[in-house]
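Understanding the architecture of this molecule
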Amino acid sequence: MIKLLLDVDTGIDDALALFYLAHAQKKGEIEILGSTTVGGNVEVGQTTLNTLKIWEMLELDIPVAAGAKQPLMVPLNPAPYVHGDDGLGNTFLPAPKKGPSEESAVEMILRLSHEYAGELTLLTTAPLTNIAVALLHDPDLAKRICKVVIMGGSVFTGNVSAVAEANIANDPEAARIVFRSGMEMTLVGLDVTHEVYWEEQDLQALVKIANERSAFLLQIIGFISTAYENLSGWKRCVLHDPLAAGVCLFPDLVKCEKRYVDVELNGELTRGMTVVDRRGRTPLGEENMQVALEVDAERFKTQLMESLLAWAREG
Ligand code: RIB
Ligand code: CA
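The text that follows walks through the structure, step by step, so that each part is easy to find.

Calculation criteria
- Residues numbered from 1 in each chain as written.
- Chains lettered and ligands numbered in written order.
- Predicted model: local features only at pLDDT ≥ 70, side-chain atom pairs only at ≥ 80, totals over all residues.
- Heavy atoms only, no water.
- Pairing = 2+ DSSP bridges.
- Helix = DSSP H or I, 4+ residues; strand = E, 2+ residues; numbered from the N terminus.
- Axes fitted to C-alpha atoms, helices over the stretch in contact; angles between N-to-C directions.
- Contact = heavy atoms within 4.5 Å.
- Patch = residues over 30% accessible without salt bridge, like charges linked within 9 Å, V, L, I, M, F, W, Y side chains within 5 Å.
- Areas by Shrake-Rupley, 256 points an atom, 1.4 Å probe, with all protein chains shown as cover.
- Salt bridge = Lys/Arg side-chain N within 4 Å of Asp/Glu carboxyl O.
- Parallel < 35°, antiparallel > 145°, perpendicular 65-115°, else oblique.
- Nonpolar A, V, L, I, M, F, W, Y, C, P; charged D, E, K, R; others polar.
- Expected span 1.5 Å × (residues − 1).
- Buried < 20%, exposed > 50% of the residue type's maximum accessible area, 1.4 Å probe, protein only.
- Polar contact = N/O pair within 3.5 Å; in protein donor to acceptor, adjacent residues only side chain to side chain.
- Donors = N, O, S within 2.8 Å, 3.2 Å for Na, K, Ca; no water.
- Near = heavy atom within 4 Å.
- Lys, Arg positive; Asp, Glu negative; His and termini not counted.

Moving on: the sheet that holds strand E11 (residues 289-295). Pairing within the open sheet is mixed, and its 9 strands lie in the order E3-E2-E1-E4-E5-E6-E11-E9-E10. Strand pairing shows two members of the sheet lacking a second neighbour, strand E3 (64-66) and strand E10 (274-277), which therefore form its edges. With direction set aside, neighbouring strand axes in the sheet form an average angle of 30°. Bridge analysis of strand E9 (residues 254-263) against E10 gives 4 bridges, and the strand direction is antiparallel. What sits directly across from Asp 262, in E10, is Val 275. Against the sheet, helix H4 (residues 105-115) engages strand E1 (2-8), strand E2 (30-37), E3, strand E4 (120-124) and strand E5 (145-151), with an angle of about 150° to E2. Helix H8 (residues 172-179) rests against E5, strand E6 (185-188), E9, E10 and E11 of the sheet, and its axis sits at about 115° to E9.

Structure, rendered in structure tokens:
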């Protein structure tokens, strides 16, 4: 069974990923060993509260360790206009009953990497600051991790700029450390996540349930859909982080190419861009990760919706 550690900046789409993973755990498909948080969509105090609260709503006792407040070199650039001031669509949920773990995010990452050496899958849906700091503490971490699935980057497009994706752009220096670590990596970037989204007509089954749980889910989905409409003109909930979670469970949801990928740190217009070398020979370096380029969007959207419906119907 897949043993999973999550690094998140919860966040509406991070939250949807937690619902998906919780459902998978209830079906016995994975074991979620822990979750670490980082500043990203909102500041880390809030992403920690949100992660605790979502686990509580899912009736799962999964430890949450708080991580980095700031990227390695630059101030945090949060996105309350996408995720709400509280990171969860301005639903302003009551505080979680449980607090975060005493250990830090880096301590949790290193501890679990020893306890489950060779077995641990790491899913990151946030800036890579915690993972980079853990690698700086102990570069051998890379040898103990089975694989890392990263929601971040892209080959052909960007969201926070024409060429950069938010999780990588929020801490490019951290991304470079992770990309050069030697870990087995899969990059689930905007090329595939932009193909996987819900529009109003996809939500009818959830609307029909009409209880408190479905209302919460529809509120957060509605918030991010409107935010996306303001930014792009398309009213849709793009399922970035849930898709990366899906790829942890079902790698065949995406078709990948193994490529050399690095991060631009300096460009005036391109800082945070993932540079994917797709030439036949790659003089920049050895192929260091699988890059997702195609996705079975319908299969994944069905899986994700099933997980939300299951939780909402139990309410
Ligand atoms: O670019 C999409 C990513 O940025 C997602 O992880 C979202 O939650 C935000 O952090
Ligand atoms: Ca995220």
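After that view, the rundown keeps rolling.
A separate point is a nonpolar patch on the surface. Among the surface-exposed residues, Leu 72, Met 73 and Leu 136 lie close enough to one another that they form a single nonpolar patch of about 310 Å² accessible area. Within the secondary structure layout, Met 73 lies in the loop between E3 and helix H3 (80-83).

Here we take up the packing of helix H1 (residues 12-26) against helix H13 (residues 297-313). When two helices pack together, you describe them by how their axes are tilted relative to each other and by the distance separating the axes. Orientation of H1 relative to H13, taken along the N-to-C sense of each, is 80°, at an axis distance of 9 Å. Regarding the angle of H1 to H13, the classification is roughly perpendicular. Residues Leu 16, Phe 19, Tyr 20 and His 23 of H1 form the contact with H13, whose participating residues are Phe 300, Gln 303, Leu 304, Glu 306, Ser 307, Leu 308, Ala 310 and Trp 311. Grouping the constituent residues of the contact of H1 with H13 by class yields 8 nonpolar, 3 polar and 1 charged.

Under the 1.5 Å per step criterion, the end-to-end length of helix H2 (residues 44-57) is 20 Å for 14 residues, consistent within 8% with the ideal 20 Å. With 10 of 14 residues buried, H2 is to be regarded as a mostly interior element. Among all positions of H2, only Val 44, Thr 47, Thr 48, Asn 50, Thr 51, Leu 52, Lys 53, Ile 54, Trp 55 and Met 57 are buried. In this fold, the buried residues of H2 make contact with E1, H1, E2, E3, helix H11 (212-232) and H13. A side-chain oxygen of the first residue of H2 lies 3.0 Å from the backbone nitrogen of Gly 45; this N-cap is Glu 43.

What follows covers the coordination of the calcium ion (ligand 2). Taken together, the protein ligands of the calcium ion (ligand 2) are Asp 9 (OD), Asp 14 (OD), Asp 14 (OD), Thr 125 (O) and Asp 241 (OD), with distances of 2.2 to 2.6 Å. All donors to the calcium ion (ligand 2) come from one chain, and their sequence spacing reads D-x4-D-x110-T-x115-D. Of this pair, Asp 9 sits in the loop between E1 and H1 while Asp 241 sits in helix H12 (residues 240-249), and the two are 232 residues apart along the sequence. We classify Asp 9 as buried; its relative accessible area is 2%.

With that settled, consider the site of ligand 1. Around ligand 1 there are 13 residues in total, and Asp 13, Asn 159, Glu 165, Asn 167 and Asp 241 lie nearest to it. Between ligand 1 and Asp 9 there is a distance of 3.2 Å, counted from an oxygen atom to a side-chain nitrogen or oxygen. Contacts to ligand 1 include Glu 165, whose side-chain N or O atom sits 2.4 Å from an oxygen atom. Here ligand 1 loses 94% of its free accessible area of 280 Å² to cover by the protein chains.

Counted at 1.5 Å a residue, the expected span for H1 with its 15 residues is 21 Å, and the 21 Å between its end C-alpha atoms agrees. Burial analysis of H1 places 12 of its 15 residues in the buried class, the great majority of the element. Among all positions in H1, only Ile 12, Asp 13, Asp 14, Ala 15, Leu 16, Ala 17, Leu 18, Phe 19, Tyr 20, Leu 21, Ala 22 and Ala 24 are buried. Phi turns positive one or two residues past the end of H1, at Gly 28, with a value near 80°.

As for its position among the elements, Asp 171 is in the loop between helix H7 (166-169) and H8. One buried charged residue, Asp 171, remains without a salt bridge, the closest side chain of opposite sign being Arg 271 at 6.0 Å. A polar contact is formed between the side chain of Asp 171 and the backbone nitrogen of Leu 72, at a distance of 2.9 Å. Within polar-contact distance, the side chain of Asp 171 engages the side chain of Thr 129 at 2.8 Å. The residues touching Asp 171, leaving out its near neighbours within four places in the chain, are Pro 71, Leu 72, Pro 127 and Thr 129.

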